[in-house]
Amino acid sequence: MAAEEPATRKEEPGEWLRVADSSALSEKDRLHLQVKGRYISILRHGQVLHCLDSICYHTGGPLALGDIEDVNGERCIRCPWHDYSVRLVDGAKPYQSMKFDPVTRKLSPDGWKYTQNTQRTHEVMSRAGDSPEGGIWVRLSSGGKFESDQFAYNASAAKNVTS
Ligand code: FES
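Below: a short report on this structure.

A short note on the packing of aromatic side chains
The tally for this structure, following the rule as stated, stands at one aromatic pair. The ring of tyrosine 114 has arginine 87 lying over it, and the distance from NZ or CZ to the ring centre is 4.0 Å. A cation sits over an aromatic face here: arginine 127 above tryptophan 137, 4.9 Å from the ring centre.

Some thoughts on unusual backbone geometry
Positive phi, close to 50°, is recorded for lysine 36, a residue that is not glycine. When you line up the elements, lysine 36 lands in the loop between β2 (30-35) and β3 (38-45). The exposure class of lysine 36 is partly exposed, given its relative accessible area of 29%.

Notes on the sheet that holds strand β6 (residues 74-78)
One open sheet accounts for three strands, arranged β5-β6-β7; its pairing is antiparallel. Unpaired on one side and paired on the other, β5 (67-71) and β7 (85-87) mark the two borders of the sheet. Ignoring strand direction, the axes of neighbouring strands in this sheet form an average angle of 40°. The pairing of β5 with β6 spans five bridges and is classified as antiparallel. Its bridge partner lying in β6, aspartate 70 is registered against arginine 75.

Procedures and definitions
- Residues numbered from 1 in each chain as written.
- Predicted model: local features only at pLDDT ≥ 70, side-chain atom pairs only at ≥ 80, totals over all residues.
- Heavy atoms only, no water.
- Phe/Tyr/Trp six-rings, centres within 6.5 Å; stacked < 30°, edge-to-face > 60°.
- Lys NZ or Arg CZ within 6 Å of the ring centre and 35° of its normal.
- Helix = DSSP H or I, 4+ residues; strand = E, 2+ residues; numbered from the N terminus.
- Buried < 20%, exposed > 50% of the residue type's maximum accessible area, 1.4 Å probe, protein only.
- Pairing = 2+ DSSP bridges.
- Axes fitted to C-alpha atoms, helices over the stretch in contact; angles between N-to-C directions.

What follows is the structure, encoded as structure tokens:
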């Protein structure tokens, strides 16, 4: 088991890494991996691959084991611990906001909004074939600061995802 590492560890940006054979997602729809120390999950939904930090930004729950559902027409994954959803394409959390009218002094719905820099997502692609160029490839995101970074190298939290 890997030792815990500080969440401030940086990946080399722009480096594509081969993480699995292309057949790895043919029978199941999720892969949970440790890449350069970071716990990430690759999810296949239909023909589309998504990659995001495995551990939930909220309090370290097993986000990557959650159900996939549509929220406001967006494909999201719902964390089993507290039911927070994040959008698969960018890790943003959808929420319904309210606005206050200072004239009527009433609150009213203000539509769906999305948080920023919440669950970090990563680029992923699959190349057919068994050659060294084939397989599932990931390019880790490292720019900015995301809330999920605090748990990204936490081996204890990752146990909830990988075991
Ligand atoms: Fe609370 Fe995921 S740990 S919603």
